[in-house]
Amino acid sequence: MSEAHTSVRYPPVISAPPRTLARPVADGSPGLAALLTALLPGLGQMYDGRWARGILMLAIPFVSLFLFAFVVLFGGPVVSAVIQRAALFALIVVGALFAYHVAIVADAFAGGIGSLRGRHAIDYAVLAAIVLGLVVGYYSLYRQTTAWANAAAAVFEPPPGRTVGAGTATGGTTAPGWSGRERLNVLLLGIDTREGSPETHNTDTIILLSLDPTARTAAMLSIPRDTLVDIPGIGKDKVNSAYAHAQDPRKGPELARRTVEGFLGIPIHSYAIIDFVAFRQTIESVGGVLVDVPRPLRDEEYPTADFGVERFAFRAGPQLMDGENALRYARSRHDSNDFTRARRQQLVLLGLRDRFALAGLFRLPGIIEHVGPLVRTNFDPGNVLSLARTALGIERSEIVSEVLLPCGGEAPHCELTEENGPLGYYLIPDVQKVRALVTDLFAGRRPASAP
């Protein structure tokens, strides 16, 4: 056979399929990235080198909180809606935060590949532990938020026959609304809620608080509990009994408001009722109150919660009082008369206001959480922050305080006549003098001397 016809046979060439390399994963530990994002939103993404995504995830919650705070501070109707549905709102907010946090943790765990698959078992264990931690943390936050929300809702619970913010009062009258610009008049009522005591149906403390947000002035007027007044639908009786005369106890505060409104001849926009327990807790929550006691006070028969008595004494001069001592100082009546007692109550309230001014608005939620269940008001919750800013922004020197006083002594003014007869002890008011005193207080003037 010739060379031309000779061929070399080579073994067949088998082509190997192209090798597919695994998709590269992001550098670093997925579990660590997830943990970092759990601690601070977006931090895990930055750890993976995805800086733009991380910064965005970090910014979203802060921007959302800023917008929410802005709306709350300047949007009264929003505050009203939130407080009236506080528990539901707490569930929505905490639920949304939890869902967002879990989503960005999963994103940090997935890394640059965008998938939760292809990780080591230890990484999944870390992820599961992080999610469990978030569940526990947000559940605790939800419980605390719900407690605060329920307390706020209880404080601003609308009384029967009145819709919060609408201005319709019980009994067919109208409680005037407040725009946040004109003078605001609030009736403060202090009650003792000890079980089994008939005195718990009467208001132990009656103070009208008036704020002028334009002139940035304030006034307090204490009305002695034995003052004889006309109670709508009842007739003449002591002013402190108006609360008890309502057939429905829930309507007692509104009847007291209407009574004082008619007596003073001015609109009273709302009321606030505080229990003595809440009074103590409020003072404790701000670290006590500083009171400059003008003269020594001694009480040998101060009533205790168990219907016993105890003795105490206060020296003259400035002193820091805790909740219990502040209550003793404000309530004691055995070593003085009802008029000096009213002065002492005003001193304690001024001390409490000063403490609030030092603490600022950010302490309000914590205080509400502690004392909310024991406080009631028909004040529109949409105006709470406006009220707080107005009250705390007034200088102490721009606050005047007075007490309705009896004639016959050396007092600089008098509006009441003492009458101690068979039917008991009464203070008969000269209504014209009372209203003249109110006019002077609202004008920021000290009352004129009695004739």
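To keep things clear, this report deals only with the structure shown in the data block. (Residues numbered from 1 in each chain as written. Predicted model: local features only at pLDDT ≥ 70, side-chain atom pairs only at ≥ 80, totals over all residues. Heavy atoms only, no water.)

Thoughts on the state of the cysteines
- Under the definition given, this model contains one disulfide.
- Between the sulfur atoms of Cys-407 and its disulfide partner Cys-414 the distance amounts to 2.0 Å. Because the sign of the S-S torsion sets the handedness, a value of about 85 degrees for the bond joining Cys-407 and Cys-414 places this disulfide among the right-handed ones.
- Among the residues examined, Cys-414 registers a relative accessible area of 10% and is labelled buried. (Disulfide = S-S within 2.5 Å. Buried < 20%, exposed > 50% of the residue type's maximum accessible area, 1.4 Å probe, protein only.)

What to know about the pattern of salt bridges
- Tallied over the full model, the rule gives 18 salt bridges.
- Note that Arg-50 is salt-bridged to Asp-107, the shortest N-O span being 3.3 Å. Of this pair, Arg-50 sits in the loop between helix H2 (43-47) and helix H3 (51-74) while Asp-107 sits in helix H5 (residues 86-110), and the two are 57 residues apart along the sequence.
- Residue Asp-107 is classed as buried on the basis of its relative accessible area of 15%.
- Salt-bridge contacts for Lys-238 lead to Asp-226; the nearest nitrogen and oxygen are separated by 3.1 Å. Taken together, the positions of Lys-238 in strand S5 (residues 235-238) and Asp-226 in the loop between strand S3 (217-222) and strand S4 (228-231) put the pair twelve residues apart, joining distant regions of the chain. Asp-226 carries the same exposure label as Lys-238, and that label is buried.
- Through salt bridges with shared partners, one network takes in Asp-48, Arg-50, Arg-53 and Asp-107. (Salt bridge = Lys/Arg side-chain N within 4 Å of Asp/Glu carboxyl O. Helix = DSSP H or I, 4+ residues; strand = E, 2+ residues; numbered from the N terminus.)

Observations regarding the packing of helix H8 (residues 252-264) against helix H14 (residues 431-442)
- At a minimum axis distance of 9 Å, the contact between H8 and H14 shows a crossing angle of 95 degrees. One finds that H8 runs roughly perpendicular with respect to H14. Between H8 and H14, the contacting residues are Gly-262, Phe-263 and Leu-264 on the first element and Val-431, Val-434, Arg-435 and Val-438 on the second.
- For the contact of H8 with H14, a count of residues per class yields five nonpolar, one polar and one charged. (Axes fitted to C-alpha atoms, helices over the stretch in contact; angles between N-to-C directions. Parallel < 35°, antiparallel > 145°, perpendicular 65-115°, else oblique. Contact = heavy atoms within 4.5 Å. Nonpolar A, V, L, I, M, F, W, Y, C, P; charged D, E, K, R; others polar.)

Re the pairing of strand S1 (residues 184-191)
- Within S1, seven of the eight residues are buried, leaving the element largely enclosed by the surrounding structure.
- Bridge count between S1 and strand S2 (residues 203-212): eight bridges; the pairing is antiparallel. Paired with Ile-191 across the bridge in S2 is Thr-203.
- Across six bridges, the pairing between S1 and strand S6 (residues 270-275) is parallel. Its bridge partner being in S6, Leu-189 is matched across the sheet by Ile-273. (Pairing = 2+ DSSP bridges.)

Observations regarding unusual backbone geometry
- Phi is positive for Arg-216, close to 55 degrees, though the residue is something other than glycine.
- Inspection of the secondary structure puts Arg-216 in the loop between S2 and S3.

Digging into the nonpolar core
- With 35 residues, the main nonpolar core has Leu-187, Ile-223, Val-260, Leu-264 and Leu-404 as its most contacted residues.
- It is H8 that contributes the most residues to this core, five residues altogether.
- Setting aside chain neighbours within four positions, we find Ile-223 in contact with Ile-206, Val-239, Val-260, Phe-263, Leu-264 and Leu-404.
- Core analysis: the next-biggest nonpolar cluster, separate from the first, contains 19 residues, Phe-276, Val-291, Tyr-302 and Phe-356 among them. (Core = buried A, V, L, I, M, F, W, Y, C linked by side-chain atoms within 4.5 Å.)

Concerning the environment of Phe-279
- Within the fold, Phe-279 resides in helix H9 (residues 276-285).
- It is 7.4 Å that separates the C-alpha atoms of Phe-279 and Leu-327, two residues lying 48 residues apart in sequence.
- If near-sequence neighbours (up to four positions away) are discounted, Phe-279 is found in contact with Ile-274, Ala-326, Leu-327 and Val-348.

Some remarks on the sheet that holds S1
- Strand order in the open sheet formed by six strands is S11-S6-S1-S2-S3-S12, and the pairing between neighbours is mixed. The two strands at the open ends of the sheet, each matched to only one other strand, are strand S11 (375-377) and strand S12 (399-403). The mean angle between the axes of side-by-side strands here comes to 15 degrees, regardless of whether they run parallel or antiparallel.
- Its contacts with the sheet put H14 on S1, S2, S3 and S12, and the angle it makes with S3 is roughly 155 degrees.

What to know about the packing of H9 against helix H10 (residues 323-331)
- In contact at an axis separation of 8 Å, H9 and H10 are set at 130 degrees when each is read in the N-to-C sense. The angle between H9 and H10 places the two elements in the oblique class. As H9 runs across H10, the sense of the crossing is right-handed. Counted together, Phe-276, Phe-279, Arg-280, Ile-283 and Glu-284 of H9 and Gly-323, Glu-324, Ala-326, Leu-327 and Arg-331 of H10 form the full contact between these two elements.
- Its residues assigned to classes, the contact of H9 with H10 shows five nonpolar, one polar and four charged. (Left-handed = near helix turned anticlockwise from the far one by under 90°.)

Details of H9
- When H9 is considered as a whole, its buried residues turn out to be Phe-276, Ala-278, Phe-279, Thr-282, Ile-283 and Ser-285.
- Remark: Gly-287 follows H9 within two positions and exhibits a positive phi of approximately 80 degrees.

Describing the side chain of Ser-222
- By secondary structure assignment, the location of Ser-222 is in strand S3.
- Judged by relative accessible area, Ser-222 falls into the buried class, the value being 2%.
- When neighbours within four sequence positions are excluded, Ser-222 is seen to be in contact with Ile-206, Ile-207, Ala-342, Gln-346, Glu-402, Val-403 and Leu-404.

Remarks on the packing of aromatic side chains
- Counted according to the given criterion, the structure contains five aromatic pairs.
- When the centroid spacing of 5.2 Å and the interplanar angle of 80 degrees are considered together, the rings of Tyr-302 and Phe-312 count as edge-to-face. A residue pair is termed long-range when its members are at least 10 positions apart, and Tyr-302 in strand S8 (residues 297-303) and Phe-312 in strand S9 (residues 309-314) qualify at ten residues. Summarising the burial analysis for this pair, Tyr-302 and Phe-312 share the class buried.
- By the ring-pair criterion, three or more aromatic residues cluster together here, those being Tyr-302, Phe-312, Phe-314 and Tyr-329.
- The ring of Phe-442 is capped by Arg-183, whose NZ or CZ atom sits 4.4 Å from the centre of that ring.
- Of note, Lys-238 hangs over the ring of Tyr-426, and the distance from its end group to the ring centre comes to 5.2 Å. (Phe/Tyr/Trp six-rings, centres within 6.5 Å; stacked < 30°, edge-to-face > 60°. Lys NZ or Arg CZ within 6 Å of the ring centre and 35° of its normal.)

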